[in-house]
Amino acid sequence: MEGDDQTPAARAVIALAPGGGRRYEMGDLTALFKADEDETGAGYSISEWILAPGQGGVGAHAHAANDEVFYVLEGRPELLVGDAWTGFETGAFIRVPAGVTHDFRNLTDRPARLLNVYVPGGFEREMPKIVAWFAQG
């Protein structure tokens, strides 16, 4: 195809069973990466975040050049967007533009799951540092 500079991996079908993906355990928080920059030609990364009941946030942060999209798959997690925490029901969609401070947490008594799309890709490069940060408490 003319003008198509995507790698073969970026054009390959990805099919994962429920719970599939590259798993990162962080105590009561689990991240499952479904597709990352190598598989998407650096266009995006997709991950599922599973928050146990009572799971606090990962820490307020912003990305200088990346938008994030969150879709609530289960539960009622809260997201910090800017300076306000808001609870979101299953099926809610939240877009956080680059530069906006954000975080997420689950203060309920049941699990919560978020689908995350990080645009452009590359967030998976941060996971070893994030896992180490959680391990240090």
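Residues numbered from 1 in each chain as written. Predicted model: local features only at pLDDT ≥ 70, side-chain atom pairs only at ≥ 80, totals over all residues. Heavy atoms only, no water.

Our focus in this paragraph is the overall build of the chain. What the chain contains, in helices and strands, is two helices and nine strands. When its helices and strands are written in sequence order, the chain yields β-β-α-β-β-β-β-β-β-β-α. For 137 residues, the compact-globule estimate of 2.2 N^0.38 gives 14 Å, and the C-alpha radius of gyration of the chain, at 15 Å, lies within 12% of that figure. Over its C-alpha atoms, taken along the principal directions, the chain stretches across nearly 50 × 30 × 30 Å. Each of the 137 residues in the chain was classed as buried or not, and the buried ones make up 36%. (Helix = DSSP H or I, 4+ residues; strand = E, 2+ residues; numbered from the N terminus. Rg over C-alpha atoms; globule rule 2.2 N^0.38 Å. Buried < 20%, exposed > 50% of the residue type's maximum accessible area, 1.4 Å probe, protein only.)

Attention now moves to the sheet that holds strand S8 (residues 102-105). Pairing within the open sheet is antiparallel, and its three strands lie in the order S6-S5-S8. Edge positions in the sheet fall to strand S6 (84-87) and S8, since each of these pairs with one other strand and no more. Across this sheet, the average inter-strand angle for adjacent strands is 20°, counted without regard to direction. Looking at chain direction, strand S5 (residues 78-81) and S8 are connected through four bridges and run antiparallel. When the sheet's bridge partners are listed, Leu-80 is paired in S8 with Asp-103. (Pairing = 2+ DSSP bridges. Axes fitted to C-alpha atoms, helices over the stretch in contact; angles between N-to-C directions.)

Our next topic: the sheet that holds strand S1 (residues 22-26). Read across the open sheet, the six strands follow the order S1-S2-S3-S9-S4-S7; overall the sheet is antiparallel. Since the sheet does not close on itself, it has two edges, and those belong to S1 and strand S7 (93-96), each with one partner. The mean angle between the axes of side-by-side strands here comes to 20°, regardless of whether they run parallel or antiparallel. With four bridges connecting them, strand S4 (residues 67-74) and S7 associate as antiparallel partners. Bridge pairing in S7 links Glu-68 to Val-96.

Worth remembering: the numbers are spatial, not functional.
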